[in-house]
Amino acid sequence: MKVSRELIAYNDLKKLVIEPGFCILCGACEAACPVHALKIEHDELHYLFDCSNHVEFCPICYDVCPFTEALLLETLGFVTDAPNRRESIGYYRKIVLAQARDEKLRELSHSGGVVAALLLHGIKTDFIDSAVVSESEEEAPIRLRPSISLVPDDLLSAVDCKYFPSAVAKAFGKAVHEYGKLEIAFVGTPCHVRAIRKLEAWEHKIINSLKIVIGLICLWSFSYPELTKFLRENHNIEADDIKRIDLDRKYRILTKDNREIAISPSEVRDHTLNSCRMCQDFTAELADISVGGAHPLTDWSIVIIRTEEGERLFNDAVKAGVLNVKSIEEEPEVYRHFVEMAILKRQYAIEEVERRKRNNEPIPPAFMRTTELLPREESLLSMLKAEQIMTRDVMTISPEATVEEILSIMTKHHHMGYPLVNEKNELVGIVTFEDVSKVPASKRAETLAKEIAHKKLITVNPEASAMEVYEKMSKHKIGRILVVDKEDPKKLLGIITKTDILHILRWPMKRKR
């Protein structure tokens, strides 16, 4: 999407992000502004004076906002050297289950205490000299405020799960400017991570102090006034009565007097932040390490390690005995739930963007950008053929495989769709994660792949352009397409996923700090 830009970047930011209600007050613009013209105060972003009187055209406040289209491809350069890439997960090196060995950390956390354990280990070993996190307010524990942790004890109050916004990017700037910190760990939700990566892509001077980024897996963040009003009017729960909020298949509200209320995601979706309703990033795909709950396990976390730096910190913590680790293959139900929530977020986001397009309602430029190709990208895809970008060594399954076996394969290899090939090596269908997730747990051992597979397949020939592949995926709203022989459509030659297409567009952006 081409965005018309004004000479004063703040005017664009105000028009396209602030006035439509998309700003989450992360503070990236305040941290980046070279003349300190922006300030978050009393839950509002204030434009203190006309910055054009002090600097000529400066686009930084617009560019580093997580909801603008600027620098999106550049931010991906920080993770694209990872060997694996999958739908709903992003680029990664490995996925494991982990928990803090210290029981106290697990008790204080929403899951396995991994974030606190990593940060404590990082400070104690001088891997980092501080951490920018969020902590609960004493009066209302669900309301968050940014915090700069300088010593191990500070980290005990850090939260590892966020359901409300926090100005952590602003706090990062404060850690650099006021505290002089040089090796900072940054912890935030996907939008916070996108903001800090934009600062890094912009090569802002404060980013020299960024050591590692830990992303918190996140379904949505809520509007504090709207959600608390909903809970008060519908469940007779006051904000200061809430002890914590957890998410498995439902949001579970735990009060200080030990009451628990379960609310479905669809019931509270209208009380999420405007921008969250259109965000597809569940796993904080731009982080060095992403961490989230591992439902139905209560004291373990899913950990996605994406970069060399993240791998170094994690492996060192394991070696030091700080973390317990086990393979996610041991817990296929954890993986199933994890991917189910990622797909839910993506589907809701796509539906919301399409609804807004139909109704001519505003959409954050960043999310418009992910639905439209630039002319140069269309040109690149038009020049490439399917056979040049397809995966030739396709993992297939037998029509006689059970759903239980398929789920085990998915948990091990993390692909979201598997072609069915019979004993004659003929393509007869495809099974996706969505198909598997619809089968009740009690029937997985007896339900066969051929019973749930899609028989009407969307395919292309090897000579088809990558642009044609992209258009077919978009038209049919599918995440993968099969490449078959032109003369024999039952002969499977390869597979192309939407992630593969995006990787083609991103490959020039590989970079390291």
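No experiment lies behind these values; they were computed from the predicted model shown. (Residues numbered from 1 in each chain as written. Predicted model: local features only at pLDDT ≥ 70, side-chain atom pairs only at ≥ 80, totals over all residues. Heavy atoms only, no water.)

### Topic: the overall build of the protein
Heads up, the rule is: Elements are defined by DSSP. Helices are runs of H or I of four residues or more, strands are runs of E of two residues or more, and each kind is numbered from the N terminus. Each accessible area is a Shrake-Rupley result for a 1.4 Å probe, and residues are judged covered by the shown protein chains and nothing else. In this tally, Asp and Glu contribute negative charge and Lys and Arg positive charge; neither His nor the terminal groups of the chain are included. A charged residue contributes its charge at one atom only: NZ of Lys, CZ of Arg, CG of Asp or CD of Glu.
The helix and strand inventory of the protein stands at 20 helices and 20 strands. Along the three orthogonal principal directions, the C-alpha set of the protein runs to about 70 × 55 × 50 Å. Here the protein displays about 22600 Å² of accessible surface, and carbon together with sulfur accounts for 47% of that area. If you average the places of the 71 positive and of the 79 negative side-chain charges in the protein, the two averages end up 3 Å apart.

### A word on the sheet that holds strand β20 (residues 492-497)
The line we're drawing: DSSP calls a pair of strands paired once it identifies at least 2 bridges connecting them. Throughout, a contact is declared for two residues whenever any of their heavy atoms are within 4.5 Å. Interaxial angles span 0 to 180 degrees and are taken between N-to-C directions of axes, which are lines fitted to C-alpha atoms, for helices over the stretch in contact.
Taken together, the 3 strands give an open sheet; going across it, the order is β18-β19-β20, and neighbouring strands pair in mixed fashion. A single partner strand is all that each edge strand has here, and the edge strands are β18 (459-460) and β20. With 2 bridges connecting them, β18 and strand β19 (residues 480-484) associate as parallel partners. For Val460, the partnering residue across the bridge sits in β19 and is Val483. Helix-sheet contacts for helix α19 (residues 466-476) involve β18, β19 and β20, and the interaxial angle to β19 is about 130 degrees.

### Topic: helix α7 (residues 168-177)
The condition that has to hold: Exposure is judged per residue with a 1.4 Å probe applied to protein chains only, and the accessible area is read against the type maximum: over 50% gives exposed, under 20% gives buried, and values in between give partly exposed.
Most of α7 sits inside the fold, with 7 of its 10 residues counted as buried. Among all positions of α7, only Val168, Ala169, Ala171, Phe172, Gly173, Ala175 and Val176 are buried. On its buried face, α7 is in contact with α2 (28-32), β6 (130-136), β7 (144-149), β8 (184-188), α8 (190-202) and β9 (210-216).

### Re the packing of aromatic side chains
The cut-off we apply is this: Working definition: rings of Phe, Tyr and Trp (its six-membered ring) pair if their centres are within 6.5 Å, and the pair is stacked with planes under 30 degrees apart, edge-to-face with planes over 60 apart, and tilted otherwise. Here, a charge over a ring is recorded when the distance from Lys NZ or Arg CZ to the ring centre is within 6 Å and its angle to the ring normal is within 35 degrees.
Taken as a whole, this structure holds 7 aromatic pairs when the rule is applied. Geometrically, the ring pair formed by Tyr10 and Tyr47 is stacked, given 4.0 Å between the ring centres and 15 degrees between the ring planes. Highlighted residues: Tyr10 in helix α1 (residues 9-18) and Tyr47 in strand β2 (residues 44-47), separated in sequence by 37 residues. Judged by its relative accessible area of 8%, Tyr10 is buried. Ring geometry for Phe282 and Phe338: centres 5.8 Å apart, planes at 45 degrees, overall tilted. A residue pair is termed long-range when its members are at least 10 positions apart, and Phe282 in the loop between α10 (265-268) and β13 (289-293) and Phe338 in helix α12 (residues 332-358) qualify at 56 residues. The residues Phe282 and Phe338 share a single accessibility class, namely buried. Through a chain of ring-to-ring contacts, the aromatic side chains of Phe282, Tyr335 and Phe338 assemble into a single cluster. Here the basic side chain of Lys211 rests over the ring of Phe127, its NZ or CZ set 4.8 Å away from the ring centre. The aromatic ring of Trp300 is capped on one face by Lys326, whose charged end is 4.8 Å from the ring centroid.

### Some words on the environment of Ile214
Here Ile214 lies in strand β9. Residue classification places Ile214 among the buried residues on the basis of a relative accessible area of 0%. A sequence separation of 90 residues divides Ile214 from Ile304, and the C-alpha atoms of the two residues are 10.0 Å apart. Leaving out residues up to four positions away in the same chain, Ile214 has contacts with Val115, Leu118, Leu119, Phe186, Val187, Gly188, Val193, Ala287, Ile289 and Val291.

### Thoughts on the pairing of strand β5 (residues 94-100)
The buried fraction of β5 is high, at 6 of 7 residues. When β5 meets strand β14 (residues 301-305), the two strands line up antiparallel, connected through 5 bridges. Residue pairing in the sheet places Ile95 in a bridge with Ile304 of β14. When β5 meets strand β15 (residues 323-327), the two strands line up antiparallel, connected through 5 bridges. Counted as the bridge partner of Ala100 is Leu323 from β15.

### What about the nonpolar core?
To keep things clear, this is the line we draw: Buried Ala, Val, Leu, Ile, Met, Phe, Trp, Tyr and Cys residues that are joined via side-chain atoms within 4.5 Å together make up what is termed a nonpolar core.
Formed by 110 residues in total, the largest nonpolar core has its most connected members in Phe172, Ile302, Phe338 and Val431. With 10 residues, the single largest contributor to this core is α12. Excluding its chain neighbours within four sequence positions, the residues that come into contact with Phe338 are Ile89, Ile217, Phe282, Thr283, Ile302 and Ile304. Counting 30 residues, the second largest nonpolar core, distinct from the first, contains Ala100, Val115, Leu118 and Leu323.

### So, the packing of helix α14 (residues 375-383) against helix α20 (residues 498-506)
Put simply, the rule reads: Roughly parallel covers angles under 35 degrees, roughly antiparallel covers those over 145, roughly perpendicular covers 65 to 115, and oblique covers all other angles. Crossing handedness is read from the near helix: turned anticlockwise from the far helix by less than a right angle, it gives a left-handed crossing, and turned clockwise, a right-handed one. Here the term charged refers only to Asp, Glu, Lys and Arg, the term nonpolar to Ala, Val, Leu, Ile, Met, Phe, Trp, Tyr, Cys and Pro, and the term polar to all other amino acids, Gly among them.
Contact geometry for α14 and α20: axes closest at 10 Å, N-to-C directions at 115 degrees. For the element pair α14 / α20, the angle class is roughly perpendicular. With respect to the hand of their crossing, α14 and α20 are arranged in right-handed fashion. Between α14 and α20, the contacting residues are Glu377, Leu380 and Leu381 on the first element and Ile501, Ile504 and Leu505 on the second. Of the residues that constitute the contact of α14 with α20, the class distribution is 5 nonpolar, no polar and 1 charged.

### A short note on the sheet that holds β14
With mixed pairing, 8 strands are arranged side by side in an open sheet as β7-β6-β8-β9-β13-β14-β5-β15. Two strands bound the open sheet, and with one partner strand each, they are β7 and β15. Averaged over neighbouring strand pairs, the angle between their axes works out to 30 degrees when direction is ignored. Packed onto the sheet, α7 meets β6, β7, β8 and β9 and runs at close to 170 degrees relative to β8. α8 contacts β8 and β9 of the sheet and is inclined by roughly 155 degrees relative to β9.

### A few points about the confidence of the model for the protein
What counts is decided by this rule: Residue-level confidence of the predictor, termed pLDDT, takes values from 0 up to 100.
Residues with a pLDDT of 70 or more make up 95% of the protein, whose mean pLDDT is 90. Here strand β10 (residues 242-247) stands out as the element of the protein with the lowest mean pLDDT, 80, in contrast to helix α11 (residues 308-319), whose mean of 98 is the highest.

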